Amino acid sequence: MLVPAARYLTYAEAVVLYNELLQADIVALVKAHGPPSLPYGEGMYYQLLIEEELVEAAQPLLDDFEQARNAPKLPRCPRCGSLAVAPAERVAWWRRLLYAGTTPMQCTTCQRVFAG
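Worth saying up front: this structure is predicted, and the values here are computed from it rather than measured. (Residues numbered from 1 in each chain as written. Predicted model: local features only at pLDDT ≥ 70, side-chain atom pairs only at ≥ 80, totals over all residues. Heavy atoms only, no water.)

Attention shifts here to a nonpolar patch on the surface. A surface patch of nonpolar side chains, about 540 Å² in accessible area, is lined by Trp93, Trp94, Leu97 and Leu98. Tracing the chain through its elements places Trp93 in helix 3 (residues 93–98). Residue class for Trp93 comes out exposed when judged on its relative accessible area of 60%. (Patch = residues over 30% accessible without salt bridge, like charges linked within 9 Å, V, L, I, M, F, W, Y side chains within 5 Å. Areas by Shrake-Rupley, 256 points an atom, 1.4 Å probe, with all protein chains shown as cover. Salt bridge = Lys/Arg side-chain N within 4 Å of Asp/Glu carboxyl O. Helix = DSSP H or I, 4+ residues; strand = E, 2+ residues; numbered from the N terminus. Buried < 20%, exposed > 50% of the residue type's maximum accessible area, 1.4 Å probe, protein only.)

The next point concerns the sheet that holds strand 6 (residues 113–115). What the 3 strands build is an open sheet, ordered 4-5-6; its pairing is antiparallel. Strands with a single pairing partner mark the edges of an open sheet, and in this sheet they are strand 4 (85–87) and strand 6. Along the sheet, successive strands turn relative to each other by an average axial angle of 40°, direction set aside. In this sheet, strand 6 lies alongside strand 5 (residues 104–107) in antiparallel orientation, the contact comprising 3 bridges. Among the inter-strand pairings, Met105 is bridged to a residue of strand 6, identified as Phe114. (Pairing = 2+ DSSP bridges. Axes fitted to C-alpha atoms, helices over the stretch in contact; angles between N-to-C directions.)

A word on the nonpolar core. Of all hydrophobic cores here, the largest spans 13 residues; its most connected members are Leu9, Leu17, Leu21, Leu48, Ile50 and Ala58. Those elements that place two or more of their residues in this core are strand 1 (2–9), helix 1 (11–23), strand 3 (43–51) and helix 2 (55–70). Apart from residues no more than four positions distant in its own chain, Leu9 is found in contact with Ala14, Leu17, Met44, Tyr45, Tyr46, Leu48, Phe65 and Arg69. Grouped together as the second largest cluster of nonpolar side chains are 5 residues, Cys77, Val85, Met105 and Cys107 included. (Core = buried A, V, L, I, M, F, W, Y, C linked by side-chain atoms within 4.5 Å. Contact = heavy atoms within 4.5 Å.)

What follows is about helix 2. The end-to-end C-alpha separation of helix 2 is 21 Å, in line with the 22 Å expected for 16 residues at 1.5 Å each. At Leu61, helix 2 shows its strongest bend, of approximately 30°. Listed as buried for helix 2 are Ala58, Leu62 and Phe65. At its buried positions, helix 2 is contacted by strand 1, helix 1 and strand 3. (Expected span 1.5 Å × (residues − 1). Bend = angle between axes of the 7 residues up to and from the residue.)

Right, let's get into helix 1. Because the α-helix completes a turn every 3.6 residues, residues three or four places apart line up on one side. The terminal C-alpha atoms of helix 1, which comprises 13 residues, lie 18 Å apart, in line with the 18 Å expected from a rise of 1.5 Å per residue. Among the residues making up helix 1, those that are buried are Ala14, Leu17 and Leu21. Each buried residue of helix 1 sits inside an arc of 70° when the element is viewed along its axis, so together they form one side. Seen from the open side of helix 1, the exposed residues pointing more than 90 degrees away from its buried face are Tyr11, Ala12 and Gln23. At its buried positions, helix 1 is contacted by strand 1, strand 2 (28–36), strand 3 and helix 2. Of the residues one or two after helix 1, Asp25 is the one with positive phi, at around 60°. (Arc of directions from axis to C-beta.)

The next point concerns the environment of Lys31. Its place among the elements puts Lys31 in strand 2. Here Lys31 falls in the partly exposed class, since its relative accessible area comes to 45%. The spatial distance from the C-alpha of Lys31 to the C-alpha of Leu74 is 30 Å, given a sequence separation of 43 residues. When neighbours within four sequence positions are excluded, Lys31 is seen to be in contact with Tyr45, Tyr46, Gln47 and Leu49.

Next up, the structure:
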């Protein structure tokens, strides 16, 4: 019988977890999950299903994946991908209005200002 191994995954997360399980010789089924989106009718999230007998073998992989998924993500520059970013000190009024509710960040490598 198939049991859910992980739920509410994005497509990229589902692919990563599927490949990790496949490398450990655990066959998984990826299925759409969650509330449907209106224009297309399919869910935006996915779930992975595995055989009930393989849950114990997959548990260490699933625990590591959940820890990595829930770890805080460091902000990256969208232009150059650098992790050397800091809160922007001087931001124009129109950018403060545009980035309302977020922290304006500035890349120290390429000087790009973006919402963090």
